[in-house]
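# Survey of secondary and tertiary structure
Letter by letter, the chains look like this.
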Amino acid sequence: MPAPRRRLPSLVTGALLLGVTLLATGCAADAPLDIFQGDGSESQIINDLQIPVFGVAVIIGILVLAAIVFIVVKFRAKPDDDDLPPQTHGALGLELGWTLLPALILAFVAVGTVVTIFDLADAPDDALEVDVYGQQWWWGFEYDVDQDGTADIVTANEMVIPAGEPVVVNIRSRDVIHSFWIPALNGKKDAVPGRTHHLTIQADDPGIYRGQCTEFCGLSHARMQMRVVALERADYDAWIENQQRDAETPTDADAAAGLEIFQGQCVTCHQIDGVDEVEFAAQVSGAAPNLTHLMTRSTFAGGIFELYDEANEGDPYDLGGIPYNDLPEQGTFNRNQLEAWLRNPPAEKPMAPDPTEFSQYGRGMPNLNLTEQQIDLLVAYLETLK
Amino acid sequence: MALTEERPLALTTGDEVTVDHEPLGVFRRPTATEGWRSWVTTVDHKKIGIMYGYAAFFFFLVGGLEALVIRTQLAVPDNSVVSAELYNQVYTMHGVTMVFLVIMPMAAAFANYLLPLQIGARDVAFPRMNAFSFWCFLFGGIFLNTSWFLGGAADGGWFAYSPNTGVVFSPSHGLDFFTLGLLITGIASLVSSINLTVTVLNMRAPGMTLMRMPVFTWMVLVVQVLLVFALPVITLALILLLFERLYDAQFFNPEAGADPLLWENLFWIFGHPEVYILILPSFGIVSEVIPVFSRKPIFGYPFMVFSGIAIGFMGWGVWAHHMFASGIGPISVAAFSLSTMFIAVPTGVKILNWLATMWGGKLTFTTPMLFAVGLVAMFTVGGLSGVTHSVAPSDTQQTDTYYIVAHFHYVLFGGALMGLFAGFYFWWPKVYGHFLGERLGKAHFWLMLIGFNLTFGPMHILGLQGMSRRIYTYDDGLGFNMWNFVSTVGAFLIAVSILLFMANVWTSRRKAKGQPAVGPDPWDSRSLEWMIPSPVPEYNFDEIPVVTSRDEFWTRKYGEDENGKVVRLHSADEVCQKPGATGIHLPSPSYWPIVLSAGLPFIGYGLIYSLWWAALGGVLVIAGIYGWALEPADDDENPHGHDDHDDHDPSGDDAVAADEPVDVPEEAPVG
């Protein structure tokens, strides 16, 4: 056997140091999906539990790895030493000890875990409720403002909530399993077809909290994103007020022509409140996001494209300094991206539309082969949806 | 000799059945002992083990290539090396391949080769069944991978959650190949698990009590028992999915009153024991390697055995920790959270016992020892991140992020695969009669260790930064860029290290040409397989050894001198068996296992494309079963290249052991 080399310890130590540094830099500030953000009451409850657990795990990991390094250095065979080391077969006390000690540490963790599980399962009775629907590959949000059992606001990609108030989200799916996750506010909860799952979230401060579908849901799973927008109560009320309006009939000639194109093509899947549906479309209308107030959102196409240029800048909790409700007035409309989308949606986001057959399982937007002129007119109309 | 009478061995010494017709009149009984035909028809557990190894390594290269595609795509944000469609197939097949076609069969390679040797048997209980298992695995794996050329592979993830895997959402045939392919490889695993369980329980050498078995044999036994119970669950789930996809059955569709969570439960009831199926063989390997290179017995043998059993047992009660976010309710979450936490206890015991084995030893860092210590260190990291998952509220933040990907790669790559490589380097001289090169081996280890940590270490951070799993790309500006790039660099380092391993296999074989084989005991080892020549003769043991203690071979070499000090009393050559035994009857080779298993993929293609193919497959299967049934286990016309057993002249110095094969009535293998 060749003589053992001396470089083992330094490498293990190096790996160890690397590991610690890596964990320490885990909570980078520029990571809007970071799980340790704790911007909501629920995520703070989780943090109170998980930060100590991660700490203990890191310490135990360092101790064990250090023990390995120590043993590897200390008990290395000397050359030409052919004597047997003492032949120990075990030590019952020691082994019982290191069976029981981890069990004891875990018992502490277990108590905290169980308490937290039931803490998080408690939902306030009088909280605002939002119905969340996952479908390939976007999130829909429905608000029953007057509590009559039918949705008064149907929107997509962005869920607007009042800051500082608990909100119960009723999570459902219209096709496959998705998972609703806003890491800054709470852990994730799956949207399972046929079931309704509840999740409480509360954003302590106004801001934009990003999320991502986290259960693999097919082709464009990566492209299924969402945001929670927490507004001051007054802004929230204003938003609610505006969202309940029907769309106005455009006065501008281009926009009016755009509406005609919309009614000819888009209305098959997209609804706009106040615009009559054509008859054949009734069955699948609503399979795609409701566009009544398209321009009040900061994103489109499943939350993956910014609708306003400024929204790309600044920190992730902010829309370039523009208040959310003022986006339609103050934002710089990201016209190019929307036109590119209308030109050929499957080129912008992987989708598997079935152009021959309108199925209730919408699998994305097909290429409608619109002409440049049609695109201009359509965009002119869409711009009026505020 | 009471013990031996209860323990039949795999050789016939009694009256032989004579048949005066060729079975079915199709094939002559194969007799080749060399050349390709000997491999195709072999029922020798060692040849089958070697074939398992090479086939699994081939699939390892396939799965590794898929991993490189994944890492290349994710190297930078908004990348488009592959389409989303292809990416989803690649990541699915990477997982399926590595779990079902690499780690499981690689472990099966070691189990097949070593298990009979470690318990002092001449073969497994059912040698033809063993061949059948291998061919089912190989054909199932090939069948699964032909989907790449027939319209695309499965794209639903290895977990294949319904309804995303229904025909509506996954209309290609990829998932049909997935279900049928895994059903075929499932037959392989199920047959093999029963075979090996029976082998361990019934075919141990005299004196080899359960608590004298090597830890590797113990861990393999636990794994086989897990497989016997876990495989029916996945088989059921796959058949339900198959019927949904092919025949419009409704098992998971909520609109038909079913529940998609049924699939999740079934899959993970199989899927979590599967994790232990993947890791325990490597725990066994490491438990063999560390004592040899520490020159100490394993510390706390009973704790090692019982912690393995405990892991196997508790492994059944933790499946829903894969479903903490699936809405199973706080009581279920709490229960599975607790059970998951406490499965860390027996795992921790194993790690500390390995450390205690090394403590006070005289450690030599040969390549197998490096890989073994690598496993202990890397698995510790994976185990601890596993404990953080068990904290359910925290897991709802971690699950389906790269933190999970990091965790299970530390467990399955840093754990299972490191252990398997330790095994390759450790037992290579036993199998081939020459060492793998130490220099290249060490380079392989260090490069793999560094590459591995560069690849999967950053994934902890990415996951905690919120990067989701199973995404074909990610946006710029989410903080994911740097670590993803590092991870990709690491992946290519791993690829280079695997090339070093292959170069090592190649060059060490060339160097060994014309050299005498290494002795039976090149590492000063402890268990029975080192007592017989390297490479192992076809019949394994000239005489079946009588076992008097744990580490039987070691205790034959070492003992107390007059001062009570433990010293070497005998050289390995004095103790080991000599090659060249004659008169040992072995089960004869057979065509039928490969014929029977070859029918299964045709049935698979038939169910997907046209029932005519299934008819052809059915004919092969039925012909295989009949041919098999009518074929005697032993070919009396060709007594397998050895002299008649009556000439047997035991020449060992252990008279008791020498008498044994002659005196004891033994049963023929019935497989």
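Only a predicted model underlies this, so the values are computations on that prediction, with no experimental measurement involved.

Quick look at the domain arrangement of chain A now. Residue and element names in this part refer to chain A. Split into domains, chain A comes out as domain 1 (8-75 + 91-121), domain 2 (128-232) and domain 3 (253-382). Opposite the 23 residues of domain 2 that make contact, domain 3 presents 23 residues. For the side of domain 2 that touches domain 3, the elements supplying multiple residues, two or more each, are strand S2 (138-143), strand S3 (153-156), strand S9 (207-212) and strand S10 (225-231). Among the elements that line the side of domain 2 that touches domain 3, the one with the most residues is S10, at five residues.

Here we come to unusual backbone geometry. Here glutamine 136 of chain A and tryptophan 137 of chain A are connected by a cis peptide whose omega angle stands at -10 degrees. Residue position: tryptophan 137 of chain A is located in the loop between strand S1 (128-135) and S2. Along the chain, serine 162 of chain B connects to proline 163 of chain B via a cis peptide bond; the corresponding omega equals 0 degrees. Mapping proline 163 of chain B onto the fold places it in the loop between helix H5 (127-146) and helix H6 (174-202). One non-glycine residue, aspartate 551 of chain B, adopts positive backbone phi at about 50 degrees. Looking at where aspartate 551 of chain B falls in the secondary structure, it is placed in the loop between helix H16 (481-512) and helix H17 (552-557).

Bringing the packing of helix H19 (residues 592-608) of chain B against helix H20 (residues 611-630) of chain B into the picture now. Residue and element names in this part refer to chain B. The geometry of H19 relative to H20 is characterised by a closest axis approach of 7 Å and an angle of 160 degrees between their N-to-C directions. By the angle between their axes, H19 is roughly antiparallel relative to H20. Crossing angle aside, the handedness with which H19 passes H20 is left-handed.

The next point concerns the sheet that holds strand S4 (residues 158-162) of chain A. Residues and elements named next belong to chain A. Taken in spatial order, the three strands of this open sheet run S4-S10-S9, and their pairing is mixed. Lying at the two open borders of the sheet, with one neighbouring strand each, are S4 and S9. Here the strands of the sheet are splayed against their neighbours by 20 degrees on average, with no regard to which way each runs. Pairing between S9 and S10: six bridges, direction antiparallel. Across the sheet, the residue bridging to glycine 211 is methionine 226, located in S10. Where helix H4 (residues 233-243) meets the sheet, its contacts fall on S4 and S10, and the angle it forms with S4 comes to roughly 130 degrees.

Conventions adopted
Residues numbered from 1 in each chain as written. Chains lettered and ligands numbered in written order. Predicted model: local features only at pLDDT ≥ 70, side-chain atom pairs only at ≥ 80, totals over all residues. Domains from an automatic or database assignment. Contact = placed C-beta atoms within 7 Å. Helix = DSSP H or I, 4+ residues; strand = E, 2+ residues; numbered from the N terminus. Axes fitted to C-alpha atoms, helices over the stretch in contact; angles between N-to-C directions. Parallel < 35°, antiparallel > 145°, perpendicular 65-115°, else oblique. Left-handed = near helix turned anticlockwise from the far one by under 90°. Pairing = 2+ DSSP bridges.

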